[in-house]
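Coordinate analysis (summary)
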Number of protein chains: 2
Amino acid sequence: MRRAFGLRVRTLREPLALSQEDLADQAGLHRTYVGSVERGERNISLDNIYRLAKALGVHPADLLRDS
Amino acid sequence: MRRAFGLRVRTLREPLALSQEDLADQAGLHRTYVGSVERGERNISLDNIYRLAKALGVHPADLLRDS
DNA sequence: GTGTGACTCCTAGTCCGTC
DNA sequence: AGACGGACTAGGAGTCACA
């Protein structure tokens, strides 16, 4: 389900025309980390789920949908 | 928002008449760990969010609502 | 049945780089 | 633009004794 989470991030990011690096900057995270999250390699923690959601302009719960 | 998450877990747990220990057992976690999550002291990661949601019989996204 | 401090172990997360 | 690797530090996972 990490994979589903990562895909969800990616499908929300792309329509915004943000690069992984852009998203990382806005979320206050590192670019390589965001990449590995999208690939489903990381077990991301709650604080960073909130950061990514905020940077993507969605509710945190939206990142866990369809899983 | 860790706090909100913890409260959400607690308010979902209590109607089920489960103790923290019961919930911990069902989720495959430690009793004191679940307690500290409910108190908002832990920055829980995605895997454990899924475990708790499953043990509570709700969708993981439901644990992030109302935050 | 729950709260809390302290602890170890492992991974979350960063930073450098290359392809 | 993104994938991926190595080395590193911060912090989450998991447990215990005791209140």
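Summarised in this report is the structure supplied together with it. Everything quoted here is computed from the prediction, not taken from an experiment.

When the parts come together, some accessible area is lost, and that loss is often what is quoted as the size of the interface. With 17 residues of chain B at the interface, the matching set in chain A holds 17 residues. Taking both sides of the interface into account, the surface hidden between chain B and chain A amounts to around 1,700 Å²; carbon and sulfur atoms contribute 60%. Contact with chain A buries area across many residues of chain B, yet Leu46(B), Tyr50(B) and Leu64(B) alone supply 36% of it, more than any other trio. Counting across the interface, chain B meets chain A through 2 salt bridges. Linking Arg2(A) and Asp47(B) is a salt bridge whose minimum nitrogen-to-oxygen distance equals 2.7 Å. Where chain B packs against chain A, one counts 10 residue pairs in polar contact (both at pLDDT 80 or more). Among the elements of the structure, helix H1 (2-13) and helix H4 (46-56) of chain B are those that each provide at least two residues to the side of chain B that touches chain A.

Now for the pattern of salt bridges. Two side chains with opposite charge may pair up if their charged atoms get near one another. Residues and elements named next belong to chain A. Here the structure, examined in full by the defined rule, presents 10 salt bridges over all chains. The salt bridge involving Arg 65 is made with Asp 62; its shortest N-O contact spans 2.4 Å. Each of Arg 10, Arg 13 and Glu 38 takes part in a single network of salt bridges with overlapping partners.

Once that is clear, we can look at the environment of Arg2(A). Checked against the element boundaries, Arg2(A) lands in helix H1 (residues 2-13). Classification of Arg2(A) by relative accessible area gives partly exposed; the value is 27%. The spacing of Arg2(A) and Arg65(A) is 63 residues in sequence and 12 Å in space, taken between C-alpha atoms. When neighbours within four sequence positions are excluded, Arg2(A) is seen to be in contact with Val37(A), Gly40(A), Glu41(A), Arg42(A), Asn43(A), Leu46(B) and Asp47(B).

Glancing now at the protein's contact with DNA strand C. What surrounds DNA strand C is a group of 20 residues, the closest being Tyr33(A), Arg42(A), Ser45(A), Asn48(A) and Gln20(B). Protein-adjacent atoms of DNA strand C, using a 4 Å cutoff, are sugar or phosphate at a proportion of 60%. Within the contact set of DNA strand C, a base nitrogen lies 3.5 Å away from a side-chain nitrogen or oxygen of Thr32(A). In the environment of DNA strand C, a phosphate oxygen lies 3.1 Å from a nitrogen or oxygen atom belonging to the side chain of Arg13(B). Elements that contribute at least two residues to the surface near DNA strand C include exactly helix H3 (31-38) of chain A together with H1, helix H2 (20-27) and helix H3 (31-38) of chain B. Broken down by element, the surface near DNA strand C gets its largest block of residues, 3 residues, from H3(A). Taken together, the residues of the surface near DNA strand C sort by class into 3 nonpolar, 9 polar and 8 charged.

So, how was this worked out
- Residues numbered from 1 in each chain as written.
- Chains lettered and ligands numbered in written order.
- Predicted model: local features only at pLDDT ≥ 70, side-chain atom pairs only at ≥ 80, totals over all residues.
- Heavy atoms only, no water.
- Contact = heavy atoms within 4.5 Å.
- Buried area = accessible area lost by both parts, 1.4 Å probe.
- Salt bridge = Lys/Arg side-chain N within 4 Å of Asp/Glu carboxyl O.
- Polar contact = N/O pair within 3.5 Å; in protein donor to acceptor, adjacent residues only side chain to side chain.
- Helix = DSSP H or I, 4+ residues; strand = E, 2+ residues; numbered from the N terminus.
- Buried < 20%, exposed > 50% of the residue type's maximum accessible area, 1.4 Å probe, protein only.
- Near = heavy atom within 4 Å.
- Nonpolar A, V, L, I, M, F, W, Y, C, P; charged D, E, K, R; others polar.

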